[in-house]
Amino acid sequence: MVSALFKIVLMGDGSVGKTSLRRTYMGENFRAQYNLTIGADFAVKKMSLSGGHDISIQIWDLAGQEHFKSVRSTFYKGAQGALAVYSVVERSSFENIMNWCEECWSNAGRKIPVVLIANKVDLREQFKDNPAMQESMVSTEEGQKLAQEIASHGVITSFLETSAKTGENVEAAFLELAIKILEAKSWSG
Ligand code: G3D
Ligand code: MG
């Protein structure tokens, strides 16, 4: 049985849906605290995992400061896991994921587990008949391949497709990350 507080970070380009994922997960009425120095929100939520594990996760979210590299090194310090988020209707956000991962691992000081999140899947249906959007859309297979690439760096990882709008897989995403963090802990002893 484990009882612990894990720091996790939400990373990815601006407007992929990081804050929305956190809001959907924690509920509308939940107010995060704002850390002025690094320009990030953080909020804590408890979860009970099977096997009697009682985990609290402290979720760190860059408050619209994604482009300021200077604030991000502190952001990753002490993080035990990361959700790497891209939007399935914005290919550039998908192409930036490895950069986010490299930055995270170098600042966290080790290769912490990453759950790769393909967000905004609800928009696929809406955009599928729009030829102008086709090139920008990212398929499930591409996401799976990227997760394999992350894993090839010796990182514990998995892949989920979510919608912060409908709530699809949002709880599962945070749960999956907690499980991966525990897995990493049991490997390192
Ligand atoms: P960020 O924190 O990564 O910058 P936000 O992203 O959570 O602020 O979301 C950016 C915009 O995308 C918001 O729209 C938000 O409502 C929308 N969004 C986030 N997740 C989803 C999703 O899963 N599906 C859809 N359809 N939209 C999503 P606005 O218009 O408020 O800027
Ligand atoms: Mg945000």
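Only a predicted model underlies this, so the values are computations on that prediction, with no experimental measurement involved.

### Re the overall build of the protein
Now for step 1: For the protein, the count of helices and strands is 8 helices and 7 strands.
Now for step 2: Over its C-alpha trace the protein gives a radius of gyration of 16 Å, about what one expects of a compact globule, namely 16 Å for 189 residues.
Now for step 3: Taken along the three principal axes of its C-alpha coordinates, the protein extends 50 × 35 × 30 Å.
Now for step 4: A total of 189 residues make up the protein; the buried ones form 51% of that total.
Now for step 5: Relative to all contacts within the protein whose residues are 6 or more apart in sequence, the contacts with residues 24 or more apart total 72%.
Now for step 6: Summed over its atoms, the accessible surface of the protein is roughly 9300 Å², and 49% of this surface lies on carbon and sulfur atoms.
Now for step 7: Computed over 20 positive and 22 negative side-chain charges, the separation of the two mean positions in the protein equals 7 Å.

### Points about the site of ligand 1
Now for step 1: Taken together, 16 residues form the shell around ligand 1, and within it S15, K18, S20, D122 and A164 come nearest.
Now for step 2: Within the side chain of K18, an N or O atom sits 2.8 Å from an oxygen atom of ligand 1.
Now for step 3: Here an oxygen atom of ligand 1 sits 3.0 Å away from a polar atom, N or O, in the side chain of K120.
Now for step 4: In isolation ligand 1 has 650 Å² of accessible area, and contact with the protein removes 61% of it.
Now for step 5: Elements supplying a minimum of two residues to the shell around ligand 1: α1 (18-26) and α5 (122-127).
Now for step 6: Top contributing element to the shell around ligand 1 by residue count: α1, with 3 residues.
Now for step 7: Across the shell around ligand 1, the residue classes break down as 3 nonpolar, 7 polar and 6 charged.

### Details of the packing of α1 against helix α8 (residues 170-188)
Now for step 1: Interhelical geometry of α1 versus α8 gives an angle of 95 degrees and a closest axis separation of 9 Å. Here α1 is positioned roughly perpendicular relative to α8, judged by the angle of their axes. The segment α1 lies against α8, with L21, R22, T24 and Y25 engaging V170, E171 and F174.
Now for step 2: Looking at the contact of α1 with α8 residue by residue, the classes come out as 4 nonpolar, 1 polar and 2 charged.

### Looking at the nonpolar core
Now for step 1: Ranked by size, the top nonpolar core spans 38 residues in total, and within it M11, Y86, W105, V114, L116 and I150 carry the most contacts.
Now for step 2: The greatest single-element share of this core, amounting to 7 residues, is contributed by helix α4 (residues 97-108).
Now for step 3: Not counting chain neighbours up to four residues away, the residues in contact with W105 comprise M98, R110, K111, I112, V114, I150, H153 and V155.
Now for step 4: Judged by nonpolar contacts, the second largest core, of 26 residues, contains L10, Y25, I59 and I117.

### Concerning the sheet that holds strand β3 (residues 40-49)
Now for step 1: The strand order across the open sheet built from 7 strands is β2-β3-β4-β1-β5-β6-β7, with neighbouring strands paired in mixed fashion. Of all the strands in the sheet, the pair left with one neighbour each is β2 (33-35) and β7 (157-161). The mean inter-strand angle of the sheet, taken between neighbouring strand axes irrespective of direction, is 25 degrees.
Now for step 2: Sheet topology places strand β1 (residues 3-11) next to strand β5 (residues 81-87); 4 bridges connect them, and they run parallel. Within β5, the position partnered with I8 by the bridge is G81.

### Things to note about the pattern of salt bridges
Now for step 1: Scanning the entire structure with this criterion turns up 9 salt bridges.
Now for step 2: D61 is the salt-bridge partner of R22, the closest N and O atoms lying 3.3 Å from each other. Linking R22 in helix α1 with D61 in strand β4 (residues 53-62), this pair joins segments that are 39 residues apart in sequence. With respect to class, R22 is no different from D61; both count as buried.
Now for step 3: Where E176 meets K180, a salt bridge forms, and the shortest distance between an N and an O atom there is 3.7 Å. In this pair, E176 and K180 both sit in helix α8, 4 residues apart, roughly one turn of the helix.
Now for step 4: For E176, a relative accessible area of 22% gives the class partly exposed.

The rules behind each value
Residues numbered from 1 in each chain as written. Chains lettered and ligands numbered in written order. Predicted model: local features only at pLDDT ≥ 70, side-chain atom pairs only at ≥ 80, totals over all residues. Heavy atoms only, no water. Helix = DSSP H or I, 4+ residues; strand = E, 2+ residues; numbered from the N terminus. Rg over C-alpha atoms; globule rule 2.2 N^0.38 Å. Buried < 20%, exposed > 50% of the residue type's maximum accessible area, 1.4 Å probe, protein only. Contact = heavy atoms within 4.5 Å. Areas by Shrake-Rupley, 256 points an atom, 1.4 Å probe, with all protein chains shown as cover. Lys, Arg positive; Asp, Glu negative; His and termini not counted. Charge placed at Lys NZ, Arg CZ, Asp CG, Glu CD. Near = heavy atom within 4 Å. Polar contact = N/O pair within 3.5 Å; in protein donor to acceptor, adjacent residues only side chain to side chain. Nonpolar A, V, L, I, M, F, W, Y, C, P; charged D, E, K, R; others polar. Axes fitted to C-alpha atoms, helices over the stretch in contact; angles between N-to-C directions. Parallel < 35°, antiparallel > 145°, perpendicular 65-115°, else oblique. Core = buried A, V, L, I, M, F, W, Y, C linked by side-chain atoms within 4.5 Å. Pairing = 2+ DSSP bridges. Salt bridge = Lys/Arg side-chain N within 4 Å of Asp/Glu carboxyl O.

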